Amino acid sequence: MNLPNYFIADLPPEHAVTPKLVTEACQALKQNRERYLLGRSTANIVGVLAATAQSWLEHDNPFRKLALERAGAETGFGERTLARGLDSFFKQFTTENLNALITQDLGHVERLDRFSLDRASNTASLARGPELLVHIAAGNIPNPTLFSMVLGFLTRSAQFVKCARGTSLLPRLFAHSIYEVEPKLAACLEIAEWPGGTETLEQPLFAEADCATATGSDETLAAIRKQLPPRVRFIGHGHRVSFGYITGEALGRFELKNTVQRAASDVVAWNQLGCLSPHLFYVEHGGTVSAESFAEMLAAKLAELEGTEPRGPLPTEEAAALALKRGFYEVRAATNDTKLWKSEGSTAWTVVYEADPQFQISCLNRFIYVKPVSDLTEALRQAERVRGQVSTVGLAAEADQARVLATQLAHWGVPRICRLGEMQNPPLTWRHDGRPTLGDLITWTDWET
């Protein structure tokens, strides 16, 4: 399948992106928004998005097939890993879920269509999105970029998606699939790629923007913020880490196998590269097996999954960093306080058990720590250095205990708590970093009736 040149990122490499091209693209997007997007109903937009998402779940979908064919070479993910990730993502985009997101963030499903009355205050309110919304996309996993594009359509914003060099394939394929369902809607979207920090291109882009979103390191966000004109709203999602917490009850005789399976699933999903992926699992004392035995069982499960869902090759520098980290723990494993399990002949997966419960940052790519603790209070004390940077905690606990633990995690500052095994699969209504994802993009007009 050959993609037509609908977007800047579709052009051959010899067609250089210029500041003039960026400016003209932004102005065309704004004109197309006026013609094709601004007057659409929410129901119409939701229908297009739901239909497009449903098509991505069909195995003969040409865009899905192309994504999987190029999985290893252009996305860095194995075909099975990418397929599972795309299925988990697109199955969320139903009409019901999209309407629930709008209602949760805006209070009424038609709040973007017309003034809706709040009878308690006798005030009618209308929500409106930015004229031009710019997304500076991260290149680690595709979901945040695709979700940002969906939010932009819901707010009726013209959108310019700037991808890092070599990472535009999946955003382009999604944009082309929108074009196939509704070309006029896709005409309000542009996809381009260039190396981050190219100010000659980013300055004209930001000059046309009303709102910019970005996902990346804290340093990247700070650099983008400096370039933005004061009038441009900025929504940045910086460095975040996540971890799992497993109670003793979750390691009981009847739950042990499922707990190991769910933990392994969280490590394998998107090769552990997202902000929602676990860096480590804290395991309570008191289960039918020790934390060390749990680590050994987790290693066996990761070895099994490597046979059915291989991680895929790594860039040389990442593979070298992972091998160096392994070498460090191979030396440490000579003591009784540290154990290491690893794939033989490759860096496909690694499990490190450490008796020291201090929080550790993983090098990811299926490299996971397991550490024992007496209770959640000890775990949070050991994780104090990443407090305020934690995105998600995957929890394995019985229902009554889970409520108590979730409350403790919430007061500590964790914005999302989920069942172990679902860390990389948030619902559509998830509030990213504890903020309303749709609500942060819009501006309100209140009519005091």
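This text goes with the structure placed above it.
Residues numbered from 1 in each chain as written. Predicted model: local features only at pLDDT ≥ 70, side-chain atom pairs only at ≥ 80, totals over all residues. Heavy atoms only, no water.

**Student:** Help me out: how do you make sense of the pairing of strand β11 (residues 350–354) in this one?
**Tutor:** Note on strand geometry: in a regular strand, side chains alternate between the two faces of the sheet. Among the 5 residues in β11, 5 count as buried, and that is most of the element. The side-chain alternation of β11 yields two buried faces, one formed by Thr-350, Val-352 and Glu-354 and the other by Val-351 and Tyr-353. Looking at chain direction, strand β10 (residues 338–342) and β11 are connected through 5 bridges and run antiparallel. Looking at β11, one finds that Lys-342 is bridged to Thr-350. Taken together, the 4 bridges between β11 and strand β12 (residues 367–373) define a ladder with parallel strand orientation. If you follow Val-352 over to β12, its bridge partner there is Tyr-369. (Buried < 20%, exposed > 50% of the residue type's maximum accessible area, 1.4 Å probe, protein only. Helix = DSSP H or I, 4+ residues; strand = E, 2+ residues; numbered from the N terminus. Pairing = 2+ DSSP bridges.)

**Student:** I would appreciate a short explanation of the sheet that holds strand β2 (residues 123–128) in the present structure.
**Tutor:** Remark on secondary structure: sheet strands pair via backbone hydrogen bonds, oriented parallel or antiparallel. Taken in spatial order, the 3 strands make up an open sheet running β1-β2-β15, and their pairing is antiparallel. At either end of the open sheet lies a strand with only one pairing partner, and these are β1 (116–118) and β15 (443–448). Each adjacent strand pair in this sheet contributes to an overall mean axis angle of 35 degrees, direction not counted. Sheet topology places β2 next to β15; 6 bridges connect them, and they run antiparallel. Looking across to β15, one finds that Leu-126 is bridged to Thr-445. (Axes fitted to C-alpha atoms, helices over the stretch in contact; angles between N-to-C directions.)

**Student:** Teacher, can you tell me more about helix α6 (residues 95–106) here?
**Tutor:** One turn of the α-helix equals 3.6 residues, which is why residues spaced by three or four share an orientation. Between its first and last C-alpha atoms α6 spans 16 Å; for 12 residues at 1.5 Å apiece the expected length is 16 Å, and the two agree. Residues Leu-98, Leu-101, Ile-102, Asp-105 and Leu-106 constitute the buried set of α6. Burial along α6 is one-sided: seen end-on, the buried residues are contained in an arc of 95 degrees. In this fold, the buried residues of α6 make contact with α2 (42–56), β2, α7 (143–154) and β15. (Expected span 1.5 Å × (residues − 1). Arc of directions from axis to C-beta. Contact = heavy atoms within 4.5 Å.)

**Student:** What's the story with the packing of helix α3 (residues 62–69) against helix α8 (residues 169–181) in this structure? I'm lost.
**Tutor:** Angle between the axes and distance between the axes: these two values describe a pair of packed helices. Following both chains from N to C, one finds α3 and α8 inclined at 170 degrees, their axes separated by 10 Å at the closest point. Here α3 is positioned roughly antiparallel relative to α8, judged by the angle of their axes. Across the interface between the two elements, Phe-63, Leu-66 and Ala-67 from α3 touch Leu-170, Leu-173, His-176, Ser-177 and Glu-180 from α8. (Parallel < 35°, antiparallel > 145°, perpendicular 65-115°, else oblique.)

**Student:** Looking at this model, I keep getting lost on the pattern of salt bridges. Mind explaining?
**Tutor:** Any two side chains of opposite charge can pair, on the condition that their charged atoms come close. Summed over all chains, the structure comprises 18 salt bridges. A salt bridge links Asp-87 to Arg-64; its shortest N-O distance comes to 2.6 Å. Of this pair, Asp-87 sits in helix α5 (residues 79–90) while Arg-64 sits in helix α3, and the two are 23 residues apart along the sequence. Judged by its relative accessible area of 26%, Asp-87 is partly exposed. Accessibility expressed as a relative area gives 2% for Arg-64, which makes it buried. Across the salt bridge formed by Glu-354 and Arg-332, the nearest N and O atoms sit 3.2 Å from each other. Here the residue Glu-354 occupies a position in strand β11, and Arg-332 occupies one in helix α14 (residues 316–332), the gap between them amounting to 22 residues. Overlapping salt bridges, with partners in common, bring together Arg-332, Glu-354 and Lys-371 in one network. (Salt bridge = Lys/Arg side-chain N within 4 Å of Asp/Glu carboxyl O.)

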